[in-house]
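# Report on the structure
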Amino acid sequence: MGGNNPLTTYVISIVSSLFGAVLAVRMFGHWGKSEWGKMATCLIGAAIAAYCIFKPNRAIEVLTVLGTKIASVFPT
C-alpha cells in the first residue's frame, strides 16, 4: 500500500470524513451532557481524522510505519 495510489487516497479521505462527522455528532451530544472527558477524546479523534483528510499521503506513511512496528512485535 503506497501513497501514490489515488484510490487509497480517495478511500482514506472518505472514511476520515465520515469518522469526523460521527465524532462531531457525538461531541455535541457529550457537550450537552457535560461529559468533558469524552468530548476531549472526540476532539482528539477529530484532529486525527482531519490530519488524514488534509495529509492523506503522510497519514498512509505513518499508518504503514505503525503497522510495521506493531506487526514486528508478534513473531510469525
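Everything discussed here concerns the structure shown above.
Residues numbered from 1 in each chain as written. Predicted model: local features only at pLDDT ≥ 70, side-chain atom pairs only at ≥ 80, totals over all residues. Heavy atoms only, no water.

Attention now moves to the overall build of the chain. Each helix and strand counted, the chain has three helices and zero strands in total. Ordering the α and β elements of the chain from the N terminus gives α-α-α. Buried positions account for 18% of the 76 residues belonging to the chain. In the chain, once contacts between residues fewer than 6 apart in sequence are set aside, the share between residues at least 24 apart is 51%. Approximately 5700 Å² of the chain is accessible, and the part contributed by carbon and sulfur atoms is 74%. (Helix = DSSP H or I, 4+ residues; strand = E, 2+ residues; numbered from the N terminus. Buried < 20%, exposed > 50% of the residue type's maximum accessible area, 1.4 Å probe, protein only. Contact = heavy atoms within 4.5 Å. Areas by Shrake-Rupley, 256 points an atom, 1.4 Å probe, with all protein chains shown as cover.)

Following the sequence through the fold, S17 ends up in helix α1 (residues 6-33). When the C-alpha positions of S17 and A50 are compared, they lie 7.7 Å apart, and in sequence the two are 33 residues distant.

Let us now look at the pattern of salt bridges. Oppositely charged side chains may form a pair once their charged atoms are brought near each other. Applying the stated criterion across every chain yields a total of one salt bridge. We note a salt bridge from R58 to E61, for which the minimum N-O separation is 3.2 Å. Of this pair, R58 and E61 both sit in helix α3 (residues 56-73), three residues apart, roughly one helical turn. (Salt bridge = Lys/Arg side-chain N within 4 Å of Asp/Glu carboxyl O.)

Quick look at helix α2 (residues 36-54) now. With 19 residues, α2 should cover 27 Å at 1.5 Å per step; its first-to-last C-alpha distance of 27 Å lies within 8% of that length. What α2 keeps buried is the set M39, C42, G45, A49 and C52. Mapping the buried residues of α2 onto a view down its axis gives an arc of 130 degrees, with all of them on the same face. Summarising the geometry of α2, the exposed residues directed more than 90 degrees from the buried face are I44, I48 and F54. (Expected span 1.5 Å × (residues − 1). Arc of directions from axis to C-beta.)

Geometric descriptors of this kind do not, in isolation, establish any biological role.
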